[in-house]
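Structural overview for review
The lines below spell out each chain.
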Amino acid sequence: MVDRSTGEAVVVSVRAPATSANLGPGFDALGLALTWYDEVTGRLARETTVTVHGEGAGELPGDDRHLVVRAIHATFAQLGMPPAPVALTCQNRIPQARGLGSSSAAIVAGVLLGRELAGAAGGALDQPALLRIAAGLEGHPDNVAPCLLGGFTVAWRESSEPDSARAVTVAPADSVRPVLFVPDHRSLTTAARAALPDQVPHRDAAHSAGRAALLVHAVTRDPAPSLLLAATEDRLHQQYRAAAAPATAALVARLRAAGVPAVVSGAGPSVLAFGPVPEQLSSQVGWVCQEMSVDQHGATVRPDMMPAYTG
């Protein structure tokens, strides 16, 4: 896209937050945006190039296979536009394959870049449309929703189709303080999801429904540790994934036994706790403890200007 008044190519920068999804009983529904960010800068170009700094440098593809590029092209397709080459620079800070929404950050950044780089046509995409595109790429909305909207989100689907996603955001109480325990090893969401059974006992489903509802109240109205501890108890997914991630399961159990509300972050292996965390528990061998705040704004866009591409 070129600004007609100046003849300069428009460069767009997007900052996308990390997220923690599920939050215990809120499987595939609840999510929290965190103050840890990836930044992607892009412009239209004659050929696609992707330069990655930080997380994933030297590992991620530098062409149309890159997830941000795929999200840009999916956004163009939604607008009836053909795919176009883009030049991207990614500053990745969110740890990858740790259950902190790095793929959702890439998707949301790409969707927003696609809307902006589409020019006037991009104005047809409102926030619900952006969410549907992002969820269609991710497969489920619980991470893309907080990344796009910020805050504490409740997401659902209108049908079984991933692109039927909807979400609302609610403000968490000021005293909610997420604490992350990030391990030095990775895991894949697909492997963690494969460990889930097709059916669960009715009593466990009912238990999770009640605790998820309680969690919304606790996070937004009454984040007392004792209430959050009860609200984050899960019987729907964490127990089935424990065998594949014993260190994660052990840390969650250790924190909860000490009265700290703790859950597996997303599909793991990171752990999310609601602070404060006693000092003696904050130092765990093989884990980095990181205090966070809740990001209230979601992904943000900043258009810049640079000389038009002439290569």
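Residues numbered from 1 in each chain as written. Predicted model: local features only at pLDDT ≥ 70, side-chain atom pairs only at ≥ 80, totals over all residues. Heavy atoms only, no water.

What to know about the pattern of salt bridges
All told, the structure shown has seven salt bridges when counted by the stated rule. In this structure, Arg65 engages Asp63 in a salt bridge whose closest nitrogen and oxygen atoms are separated by 3.0 Å. Here Arg65 falls in the exposed class, since its relative accessible area comes to 57%. Of the charged contacts in the structure, one is a salt bridge between Glu233 and Arg211, with a shortest N-O distance of 2.8 Å. Of this pair, Glu233 sits in the loop between helix H7 (225-231) and helix H8 (238-241) while Arg211 is found in helix H6 (residues 202-220), placing the two residues 22 residues apart along the sequence. For Glu233, a relative accessible area of 28% gives the class partly exposed. (Salt bridge = Lys/Arg side-chain N within 4 Å of Asp/Glu carboxyl O. Buried < 20%, exposed > 50% of the residue type's maximum accessible area, 1.4 Å probe, protein only. Helix = DSSP H or I, 4+ residues; strand = E, 2+ residues; numbered from the N terminus.)

Re the side chain of Gln284
Looking at where Gln284 falls in the secondary structure, it is placed in the loop between helix H10 (279-282) and strand S11 (287-291). One polar contact links the side chain of Gln284 to the main-chain carbonyl oxygen of Leu281, over a distance of 2.9 Å. (Polar contact = N/O pair within 3.5 Å; in protein donor to acceptor, adjacent residues only side chain to side chain.)

Things to note about the environment of Thr300
You can see Thr300 is positioned in strand S12 (residues 300-306). For the pair Thr300 and Ser13, spaced 287 residues apart in the sequence, the C-alpha separation amounts to 8.3 Å. With sequence-adjacent residues up to four places away left out, Thr300 is seen in contact with Ser13, Val14 and Arg15. (Contact = heavy atoms within 4.5 Å.)

Concerning the sheet that holds strand S10 (residues 271-274)
In space, the four strands of this open sheet follow the order S9-S10-S8-S11, with antiparallel pairing throughout. Edge positions in the sheet fall to strand S9 (262-264) and S11, since each has one partner strand and no second. Looking at each pair of strands side by side, their axes are set apart by 20 degrees on average, direction ignored. By the bridge criterion, three bridges tie S9 to S10 in an arrangement that is antiparallel. Residue pairing in the sheet places Ala262 in a bridge with Ala273 of S10. This element, helix H9 (residues 246-257), spans strand S8 (178-183), S9, S10 and S11 of the sheet and lies at about 165 degrees to S9. (Pairing = 2+ DSSP bridges. Axes fitted to C-alpha atoms, helices over the stretch in contact; angles between N-to-C directions.)

Here's the deal with unusual backbone geometry
Looking along the chain, the bond that leaves Gly268 and enters Pro269 is cis, with omega of 10 degrees. Examined against the element boundaries, Pro269 turns out to sit in the loop between S9 and S10. Residue Pro276 is reached from Gly275 by a cis peptide bond, and omega for that bond is 10 degrees. Within the element layout of this structure, Pro276 appears in the loop between S10 and H10. Even without being glycine, Asn22 reaches a positive phi, approximately 75 degrees. Mapped onto the secondary structure, Asn22 falls in the loop between strand S2 (8-21) and strand S3 (30-44). The phi torsion at Leu23 lies on the positive side, around 55 degrees, for a residue other than glycine. Structurally, the position occupied by Leu23 is in the loop between S2 and S3.

Focus: the nonpolar core
Counting residues in each nonpolar core, the largest one holds 63 residues, and the members touching the most others are Leu88, Val108, Leu113 and Leu180. In contact with Leu88, other than residues within four places in its own chain, are Val40, Thr41, Gly42, Thr49, Val50, Thr51, Val68, Val69, Ile72 and Leu113. (Core = buried A, V, L, I, M, F, W, Y, C linked by side-chain atoms within 4.5 Å.)

Some remarks on the packing of aromatic side chains
Scanning all chains against the criterion turns up zero aromatic pairs. Lying over the aromatic face of Tyr37, Arg15 brings its terminal NZ or CZ to 3.8 Å of the ring centre. (Phe/Tyr/Trp six-rings, centres within 6.5 Å; stacked < 30°, edge-to-face > 60°. Lys NZ or Arg CZ within 6 Å of the ring centre and 35° of its normal.)

Digging into the layout of surface pockets
To find the voids left in a structure, one rolls a probe of water-molecule size over its atoms. Taken as a whole, the second largest pocket encloses approximately 310 Å³ of empty space. Around the second largest pocket, the lining comprises 23 residues; the ones closest to its centre are Arg241, Ala242, Ala244, Ala245 and Thr248. Those elements that place two or more of their residues in the lining of the second largest pocket are helix H5 (189-194), H8 and H9. Class assignment of the residues belonging to the lining of the second largest pocket gives a composition of 14 nonpolar, seven polar and two charged. (1 Å grid on protein atoms, 1.4 Å probe; cavity = no way out; pocket = protein on both sides within 12 Å on 5 of 7 lines; lining within 4 Å. Points joined across faces, edges and corners; volume = space filled by probe spheres on them. Nonpolar A, V, L, I, M, F, W, Y, C, P; charged D, E, K, R; others polar.)

Section: the packing of helix H1 (residues 67-78) against helix H2 (residues 102-117)
Their axes nearest at 7 Å, the elements H1 and H2 cross at an angle of 45 degrees. Here H1 is positioned oblique relative to H2, judged by the angle of their axes. The two elements H1 and H2 cross, and the hand of that crossing is right-handed. Contacts from Leu67, Val68, Ala71, Ile72, Thr75 and Phe76 in H1 reach Ser103, Ala106, Ile107, Gly110, Val111, Leu113, Gly114, Arg115 and Leu117 in H2. Here the contact of H1 with H2 is built from residues that sort into 10 nonpolar, four polar and one charged. (Parallel < 35°, antiparallel > 145°, perpendicular 65-115°, else oblique. Left-handed = near helix turned anticlockwise from the far one by under 90°.)

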